[in-house]
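# Fold and geometry: a report
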2 protein chains.
Amino acid sequence: MKIDPAGLERKIAHDVLVGAVLPRPIAFISTLGEDGVYNLAPYSFFIPVSMNPIIVGVGIGRKRDGSKKDTLVNIEWGKDFVVNLVTEPLAEAMNQTAGEYPKDVDEFQVAGLTPIQADLVKSPRVGESPVNMECRLHQILSFGESTRKNEFVLGEVLRIHVKDEYWVKGEIQSTKLRAIGRMGGDFYCRTGDVFEMKRPVVR
Amino acid sequence: MKIDPAGLERKIAHDVLVGAVLPRPIAFISTLGEDGVYNLAPYSFFIPVSMNPIIVGVGIGRKRDGSKKDTLVNIEWGKDFVVNLVTEPLAEAMNQTAGEYPKDVDEFQVAGLTPIQADLVKSPRVGESPVNMECRLHQILSFGESTRKNEFVLGEVLRIHVKDEYWVKGEIQSTKLRAIGRMGGDFYCRTGDVFEMKRPVVR
């Protein structure tokens, strides 16, 4: 089967891409709005883009009507955000925040999660998440035109919080975190089934 | 535990970040060099960055001495690349290509994989991979300075190949692909343990 994305409708192109690039890490993004209301929502187009400085990037699509999502509006205003890791115990709560709620809804309350004051940014951390990354806006890349615009937001990671139980001998115990990943459709994967491969040494 | 990446050595900052952002999809990238030699190497800082046009991004770090990796050199020359999905049966072969081989080494031969002529780009596809994405270079973002430079390469996806057995009723069977993801350290995860959550409908 050969698929040329340029000729596809937006929804179909999206479905093909999320079925082909996986498993994807989930950035559970918390922000503060100009109105003082917290926002919390999951995004799976998320990855480190630079190691020096440490910058992560997250793709934020538009709403069905082409308008900006609250996460983007808040980041453009406040110039910061927090990325929280999603683990198995947080899966249901995360999914609750994935609906398109009005701007005055605080998804922390919808999901029953605890906002905690961050150290270096205005956006709150999710208290229940074992890893939080406090990020300062670095740059926003825009793609597409008019109603099909979409943004890729780059943030410099200022501080990473790791719950002590997952920080052993100066390393994050990544295989113990029970992180979940995003697959195609409405599917998610657990990450408990792991294996190790040492990179070959050449010469 | 609080970690401020800016104060860390490059290797330690990298280890913290790959332990905190996971599971990561693996882009197994095939390219053609100016010398006619194919290159093939895995990268796990990989994600879709735009839905319209369809653009994917991949972070490509420098070699230990600060020089460019062959993948980046080839993309800058040829202006295209192919992203191949890594699945369980391909794990060992992929790991073989992860060594730092001299430029005149064809990693397809090292790993015993089959280069197949792509339709729209010069770079070859990996015949054994169930999903290949033919990409044309869109933009290269550079971060950092001198020996600590690193690049994030954006490519427009021109064509996606999906082996017929994974293309059912107009959808990629993402949970059947047996894709593997990248965790922290030298760990990888399988994606066979999945669950489904429907996004809540608001109003």
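The coordinates are above.
Now for a description of the structure that goes with this document. Note that the coordinates shown come from a computational prediction; the quantities given were computed from them, not determined experimentally. (Residues numbered from 1 in each chain as written. Chains lettered and ligands numbered in written order. Predicted model: local features only at pLDDT ≥ 70, side-chain atom pairs only at ≥ 80, totals over all residues. Heavy atoms only, no water.)

Regarding its fold elements, chain A presents four helices and 16 strands. Referenced to the eigenvectors of the C-alpha coordinate spread, the extents of chain A come out at roughly 50 × 50 × 35 Å. Taking all 203 residues of chain A together, 57% fall into the buried category. Partitioning the contacts of chain A with sequence separation of at least 6, the portion at a separation of at least 24 is 61%. Only carbon and sulfur atoms are counted for the fraction: they give 48% of the accessible area of chain A, which is about 8300 Å². Charge-centre separation for chain A: the mean point of 26 positive side chains lies 5 Å from the mean point of 27 negative side chains. (Helix = DSSP H or I, 4+ residues; strand = E, 2+ residues; numbered from the N terminus. Buried < 20%, exposed > 50% of the residue type's maximum accessible area, 1.4 Å probe, protein only. Contact = heavy atoms within 4.5 Å. Areas by Shrake-Rupley, 256 points an atom, 1.4 Å probe, with all protein chains shown as cover. Lys, Arg positive; Asp, Glu negative; His and termini not counted. Charge placed at Lys NZ, Arg CZ, Asp CG, Glu CD.)

Now for the relation of the copies chain B and chain A. Each copy of the sequence occupies a distinct position, and chain B is placed on chain A by a rotation of 180 degrees and an axial shift of 0.0 Å, giving an RMSD of 0.0 Å. Such a combination of rotation and displacement between the chain copies is what one expects of a two-fold axis. Residues of chain B ranked by C-alpha distance from the rotation axis are headed by Arg 24 of chain B, positioned 2.7 Å from it. Of the residues that chain B buries at the interface, 100% are likewise interface residues in chain A, meaning the two copies contact each other through the same surface. (Least-squares fit on C-alpha atoms with pLDDT ≥ 70 in both.)

Residues and elements named next belong to chain A. Relative to strand β4 (residues 38-43), strand β3 (residues 27-32) is paired through six bridges, and the arrangement is antiparallel. Counted as the bridge partner of Thr 31 is Asn 39 from β4. Counted along the chain from β3 to the antiparallel partner β4, the turn is five residues long, and its residue Gly 36 has a positive phi close to 85 degrees. (Pairing = 2+ DSSP bridges.)

To continue, consider the sheet that holds strand β16 (residues 194-196) of chain A. Strand pairing in a sheet relies on backbone hydrogen bonds. The paired strands run either parallel or antiparallel. Read across the open sheet, the four strands follow the order β16(A)-β15(B)-β14(B)-β2(B); overall the sheet is antiparallel. Either end of the sheet is taken by a strand with one partner, and the two such strands are β16 of chain A together with β2 (24-25) of chain B.

Another point: the packing of aromatic side chains. Residues and elements named next belong to chain A. The final tally for this structure, using the stated rule, is five aromatic pairs over all chains. Taking 5.6 Å as the distance between ring centres and 65 degrees as the angle between the ring planes, the aromatic pair formed by Tyr 38 and Phe 108 counts as edge-to-face. Residue Tyr 38 is found in strand β4, and its partner Phe 108 is found in helix α4 (residues 107-111); the two are separated by 70 residues along the sequence. Across the ring face of Tyr 188, the terminal group of Arg 182 is positioned such that the distance to the ring centre comes to 4.3 Å. (Phe/Tyr/Trp six-rings, centres within 6.5 Å; stacked < 30°, edge-to-face > 60°. Lys NZ or Arg CZ within 6 Å of the ring centre and 35° of its normal.)

On to helix α2 (residues 70-78) of chain B. Residue and element names in this part refer to chain B. Where α2 is concerned, the buried positions are Asp 70, Thr 71, Leu 72, Asn 74, Ile 75 and Gly 78. Looking at the buried positions of α2, the neighbouring elements they touch are β3 (27-32), β4 (38-43), β6 (54-60), β7 (80-85), β10 (131-143) and β11 (150-162). Phi turns positive, to about 65 degrees, at Lys 79, one or two residues after α2.

Here we take up the side chain of Glu 134 of chain B. All names here are of chain B. As for its position among the elements, Glu 134 is in strand β10. Lacking a salt bridge, the buried Glu 134 has Arg 125 as its closest oppositely charged neighbour, with an N-O distance of 4.4 Å. Filtering out sequence-adjacent residues up to four positions away, Glu 134 remains in contact with Phe 81, Val 82, Ala 118, Asp 119, Leu 120, Val 121, Arg 125, Glu 156, Val 157, Leu 158, Arg 159 and His 161. (Salt bridge = Lys/Arg side-chain N within 4 Å of Asp/Glu carboxyl O.)

Looking at the secondary structure, you find Ser 44 of chain B in the loop between β4 and β5 (46-51). With residues up to four places along the chain from it excluded, the contact list for Ser 44 of chain B reads Ile 47 of chain A together with Arg 24, Pro 25 and Arg 182 of chain B.

On to the interface of chain B and chain A. Taken residue by residue, the interface counts 85 residues in chain B and 85 residues in chain A. The contact between chain B and chain A buries some 8500 Å² in all, and 65% of this surface belongs to carbon and sulfur atoms. Its salt-bridge partner being Asp 193 of chain B, residue Arg 190 of chain A comes within 2.7 Å of it at the nearest N-O pair. Applying the counting rule to chain B against chain A returns 32 residue pairs in polar contact (both at pLDDT 80 or more). The element contributing the most residues to the side of chain B that touches chain A is β11 of chain B, with 10 residues. (Buried area = accessible area lost by both parts, 1.4 Å probe. Polar contact = N/O pair within 3.5 Å; in protein donor to acceptor, adjacent residues only side chain to side chain.)

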